[in-house]
Amino acid sequence: MENQSRIEELLAESLRKSDRLSDQIGGLRSDVNDLKSDVNDLKSDFNDLKSDVNDLKSDVHDLKLDVHDLKLDVHDLKSDVNDLKSDVNDLKSDVNDLKSDVKDMKGEMIKLNLIAAENSRSILKLADHVERIDRLEKAVFKK
């Protein structure tokens, strides 16, 4: 009987330990399920972040292309500005040449005006002579 009692005690203890292990296994299962849920949430977060990173990579690539295009545009604009500066300098030279030509023309205009004035006086003198001749002719032909 002593063995039976000892066996019963061992069985009772085994059952208690089995119940505790069962409780612990249940707790571990709950923990594992919680961990699985956390891992799934992390996977979802990771996938979202991965998608965001890929989108950002694409945006950065596009921005790099835009920056490259802008650099080319700036280079072209600098070249255009230099060309325009050269054109402005040429225009300044042309304007100075034109100013000199205008000054020369003014001098020629003054000379022409003087000649025109002399011609006008000569024409007036001729007109006077013509008028006198007309009067003389009238006087001569009246007779």
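Here the structure is shown first, and the text comes after it.
Here the residue numbers are simple positions, counted from 1 along each chain's written sequence. Side-chain atom pairs in this predicted model are given and counted only at pLDDT of 80 or more, local residue features only at pLDDT of at least 70, and totals for whole chains, interfaces and linings cover all residues. Heavy atoms throughout the structure, all of them, feed into the side-chain values; hydrogens and water do not.

A.B. asks: Where do I start with the overall build of the protein chain in this structure?
C.D. replies: A helix here means a DSSP run of H or I that spans at least four residues, while a strand means a run of E at least two residues long, and both kinds are numbered starting from the N terminus. Counting its secondary structure elements, the protein chain contains 1 helix and 0 strands. Values of the radius of gyration come from C-alpha atoms, whereas the globule rule sets the reference at 2.2 Å times the count of residues to the power 0.38. Against the globule reference of 15 Å for 143 residues, the protein chain gives a C-alpha radius of gyration of 58 Å, more extended than a compact globule. Overall size of the protein chain, expressed as C-alpha extent along the three principal axes, is 195 × 35 × 15 Å. Per-residue accessibility, obtained with a 1.4 Å probe over protein chains only, is compared with the maximum for each type, and a residue is labelled buried under 20%, exposed over 50%, and partly exposed between these values. Across the 143 residues of the protein chain, 0% fall into the buried class. Just so you have it, the protein chain exposes about 13,500 Å², and 58% of that area is on carbon and sulfur atoms. Taking the average place of the 25 positive charges on the side chains of the protein chain and the average place of its 34 negative ones, the gap between the two points comes to 15 Å. Values of accessible area rely on a 1.4 Å probe in the Shrake-Rupley scheme; residue burial ignores everything except the protein chains shown. Only four residue types enter the charge count, namely Lys and Arg as positive and Asp and Glu as negative; His and the chain termini do not. To locate a charge, take NZ of a lysine, CZ of an arginine, CG of an aspartate or CD of a glutamate.

A.B. asks: Would you take a moment to explain the pattern of salt bridges for this structure?
C.D. replies: Where charged atoms of side chains with opposite charge meet at close range, the side chains can pair. One speaks of a salt bridge when a side-chain nitrogen belonging to Lys or Arg is within 4 Å of a carboxyl oxygen belonging to Asp or Glu. Scanning all chains against the criterion turns up 5 salt bridges. With a closest N to O distance of 3.7 Å, Glu9 and Arg6 form a salt bridge. Taken together, the residues span about one helical turn, with Glu9 and Arg6 both in helix H1 (residues 2–142) at a distance of 3 residues. Given a relative accessible area of 45%, Glu9 falls into the partly exposed group.

A.B. asks: What should I look at first to understand a nonpolar patch on the surface in this one?
C.D. replies: A contiguous nonpolar surface patch, about 300 Å² in accessible area, is contributed by Met109, Leu112 and Ile115. Its relative accessible area of 51% is what places Leu112 among the exposed residues. Each patch is built from residues lacking any salt bridge and having more than 30% relative accessible area; the joining distance is 9 Å for like charges and 5 Å for nonpolar side chains (Val, Leu, Ile, Met, Phe, Trp, Tyr).

A.B. asks: Just to check I follow, could you spell out the environment of Asn40 for this structure?
C.D. replies: Secondary-structure assignment places Asn40 in helix H1. C-alpha separation for the pair Asn40 and Leu126, spaced 86 residues apart in sequence, amounts to 120 Å.

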